[in-house]
Amino acid sequence: MERDDFQRESTLQAELDAHTSPAAPALYRQEEDGKLQCTACAHRCRLAPDHRGICRMRYHYDGKLYRPSGYVAGLQVDPIEKKPFYHVLPGSGALSFGMLGCNFHCSFCQNWTSSQTLRDRDALAGFQCCTADTIVAGSLKQNVASVVSTYNEPLITADWAMEVFERAHVHPLLCGFVSNGYATPEVLEFLRPVLDFCNVDLKCFSEEGYRCLGGKLKPVLDSIECMLTLGIWVEVVTLVVPGFNDAPGELEQSAAFLASMSADIPWHVTAFYPTYKMTDRPPTSASLIERAWEIGKEAGLHYVYAGNMAGRVGDRENTCCPGCGTLLIARRGFQVLRNLLADGRCPQCNRTIRGRWNKGHDNLSTPSQPGGFSSHFQ
Ligand code: SF4
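Reference entry: report on the structure contained in this document. On a predicted model such as this, the values are computed, not experimentally measured, just so you know. (Residues numbered from 1 in each chain as written. Predicted model: local features only at pLDDT ≥ 70, side-chain atom pairs only at ≥ 80, totals over all residues. Heavy atoms only, no water.)

1. Some remarks on the pairing of strand E13 (residues 197–201)
In terms of burial, E13 is largely enclosed, as 5 of its 5 residues are buried. Burial along E13 is two-sided: Phe197, Asn199 and Asp201 and Cys198 and Val200, pointing in opposite directions, are all buried. As paired strands, strand E12 (residues 174–179) and E13 are joined by 4 bridges and run parallel to one another. Within E13, the position partnered with Gly176 by the bridge is Phe197. (Buried < 20%, exposed > 50% of the residue type's maximum accessible area, 1.4 Å probe, protein only. Helix = DSSP H or I, 4+ residues; strand = E, 2+ residues; numbered from the N terminus. Pairing = 2+ DSSP bridges.)

Below, the structure written as structure tokens:
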């Protein structure tokens, strides 16, 4: 590393370290050899004193684990459909906030300037100080229905999300994550009282593919199952990247896994555009996205959505009743054109459509089971 780059990175690291607090005790444990094991994500870093985790944002200092606190690198109101969530309060605004850093290093990351901070010298997103109260006050002022931790990987800052979500839940605002799903049972149990919904990015269905990104497949699959068991509403997105995750049978395996968990998991198959370190291939074609959509339907999933192709994929952005086929929610991109759902049901055949259609929190009390969501989801 050049001297200037080293100094710049050291300065940024010092600035970020000034915005940290002791981690939640539930998210690390003391080891017999004096190390601390972080349990905020499936890397489970074992940190000797003065060492940092793979994410570079959590570190061991003087017998305590420290984690980011008191800033945002991104803060804006997005349509909830942009996250994407299609079965959560359709047409509403989501106050979206993010910090810096990630536990993966995906070469096609769309938010790499913030996610790869301290890992890539060109990742130079700024940040601004703020409190959890400020985020929630902003949400109320903007009249949004939910607060979502997104842009960078929220698991590595789960304790900060907890601070925000505990305050948001009082009002009530629904709270969500947009995550790579590289979680642990410990962090999901920690988040369960305040996490209403989560979008999990199932990036591929091969260990080799996950190795390239800096993780493993199995913890992601386990996390999806764990979230369902804990009663967290789950939607899954797969960015279909030509030559990365479209090998014969791979999308079929993803769809089959999701269907084995529950046919009611919405699966978003979205188009890739060249970015960051992956500029060696064309964008995903509409025909490949349509094929991915068909694979999801053939696997038995009730709700499969084509993404990043507004208006170019026929009716594959819409929600239809899996029972009678009636059009329930018509969309174009992030825009809801029509919503005909009647209190979470099909107005034609009265079938319950799974999702989070209301703002109440009372439906978190009863765990659901993989293989069929329990009735607390509408
Ligand atoms: S969040 Fe993950 S990557 Fe970061 S220190 Fe903890 S276990 Fe390691």
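2. Digging into the sheet that holds strand E19 (residues 335–339)
As summarised here, the arrangement of the 3 strands in space is E17-E18-E19, forming an open sheet in which the pairing is antiparallel. Single-partner strands in this sheet number two, and they are strand E17 (319–320) and E19. Two elements, strand E18 (residues 327–332) and E19, share 4 bridges in a ladder whose sense is antiparallel. Counted as the bridge partner of Arg332 is Gln335 from E19.

3. Some thoughts on the sheet that holds strand E14 (residues 233–240)
Strands sit in the order E8-E9-E11-E12-E13-E14-E15-E16 across an open sheet of 8 strands; the sheet is mixed. Pairing within the sheet leaves two strands with one partner each, and these edge strands are strand E8 (74–79) and strand E16 (304–307). Within this sheet the neighbouring strands show an average axis-to-axis angle of 20°, counted without direction. Along the sheet, helix H3 (residues 132–141) contacts E8, strand E9 (93–98) and strand E11 (146–149); its crossing angle with E9, the most-contacted strand, is approximately 160°. Strands E14, strand E15 (267–271) and E16 of the sheet are contacted by helix H9 (residues 286–298), whose axis makes an angle of about 165° with E15. (Axes fitted to C-alpha atoms, helices over the stretch in contact; angles between N-to-C directions. Contact = heavy atoms within 4.5 Å.)

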